[in-house]
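Tertiary structure, described
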Amino acid sequence: MLTIKRLTKKKYAAWDCFVKKANNGTIFHLRQFLSYHPDDRFIDHSIEFYKNNTLVSVFPAAESILNGERFLVSHPGATVGSFVTPENLSISNSIKLVKTLVHYAKENEFGGIRLTLPPLFYHNRASNYLDYSLLKNGFDYHKREVTSTLYIEQNEDSILKKFRPSHGRAVRKAEKLGVEVKRTNQIEKFFSILKENLKIRHGAKPTHTLDEIYNLIEIFPESINVFGAFYKGQMIAGVLNFIVKDGVALAFYISHKEEFQELRPLNLLFYSIFKWAIKENIKVYDFGIFTEQGEANMGLGRFKENFGASGIFRDTLEINF
């Protein structure tokens, strides 16, 4: 039998220790990460699952009002959430986890549950037990986004062989024209490019403020970095990477100055990042989603495919009571 306890601050250290050893735990599941949010931004409702007083799963979550109903949502302050589980999770225990969560949500008068699963390549040992258990217990897909995924090769030559010819030529063009790529601490310049780019392309703002990005880099100096492409000393493009767990990196923000597009800085930028990934023993590079509410941005999808990436689902499931 499983029991649920609502998380308290005194359990944060034990929670993070569990996440780091889990099969599908990521930086986004850590309390150390989630705690960067101001206390009044979300009503945190993270929970722990115990079996015979042993912690067997954690579920970062918050309370949200969706369509007028109070929902338990896998934490809205993170890219992915859902259950964090050990590698040896059985189908039986997976079903028990879901049933226990549903019972808890009903007992606490939630109108439903919504959760976003980590993509399959975020697992140490690939498993769809949770997907199966959720669907068998009344959940359905709220949305299915597709994230562009590149499996990193073992050497630089093999990386280039995955590139479409046009992308390979673009790398050489950028190098020939004098574009240089390096890791950088010029976070404010990158953020300025990002804000302008999002405004022009999507009429949107970055998810994080500049201060929040500085804060996260300070908390996770080994896991969050910015690579910049420079031309004549000026930053013209950049990528902010999260190492979400051992062996997996995510391009959280990608941006460039439109007026320098002909220099192909992003092509050289990603080639340089892939070389860095080899040295850091990163096996999978997640470019991020190219869909929105399930609708594909074909141009963005093609751009990422040209590096050798393919699409993997990032699923959000929901149940209504």
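Read on for an overview of the structure. What you see is a predicted model; the values in this text were computed from it and never measured. (Residues numbered from 1 in each chain as written. Predicted model: local features only at pLDDT ≥ 70, side-chain atom pairs only at ≥ 80, totals over all residues. Heavy atoms only, no water.)

Let's shift gears to the overall build of the protein. The helix and strand tally for the protein stands at ten helices and 16 strands. In terms of C-alpha radius of gyration, the protein reaches 21 Å, essentially the compact-globule figure of 20 Å for 321 residues. With the principal axes as the frame, the protein shows a C-alpha extent of 65 × 40 × 35 Å. In the protein, which comprises 321 residues, the share counted as buried stands at 53%. In the protein, 75% of the contacts between residues at least 6 apart in sequence involve partners at least 24 apart. Summed over its atoms, the accessible surface of the protein is roughly 15,900 Å², and 48% of this surface lies on carbon and sulfur atoms. (Helix = DSSP H or I, 4+ residues; strand = E, 2+ residues; numbered from the N terminus. Rg over C-alpha atoms; globule rule 2.2 N^0.38 Å. Buried < 20%, exposed > 50% of the residue type's maximum accessible area, 1.4 Å probe, protein only. Contact = heavy atoms within 4.5 Å. Areas by Shrake-Rupley, 256 points an atom, 1.4 Å probe, with all protein chains shown as cover.)

If you add up the space inside the second largest pocket, you get close to 340 Å³. In terms of lining residues, the second largest pocket is bounded by 15 residues, among which Lys20, Gly25, Val244, Lys245 and Asp246 are the most central. Every element with two or more residues in the lining of the second largest pocket is listed here: helix H1 (12–21) and strand E11 (234–245). At three residues, E11 tops the list of elements feeding residues into the lining of the second largest pocket. In terms of residue class, the lining of the second largest pocket is made up of seven nonpolar, five polar and three charged. (1 Å grid on protein atoms, 1.4 Å probe; cavity = no way out; pocket = protein on both sides within 12 Å on 5 of 7 lines; lining within 4 Å. Points joined across faces, edges and corners; volume = space filled by probe spheres on them. Nonpolar A, V, L, I, M, F, W, Y, C, P; charged D, E, K, R; others polar.)

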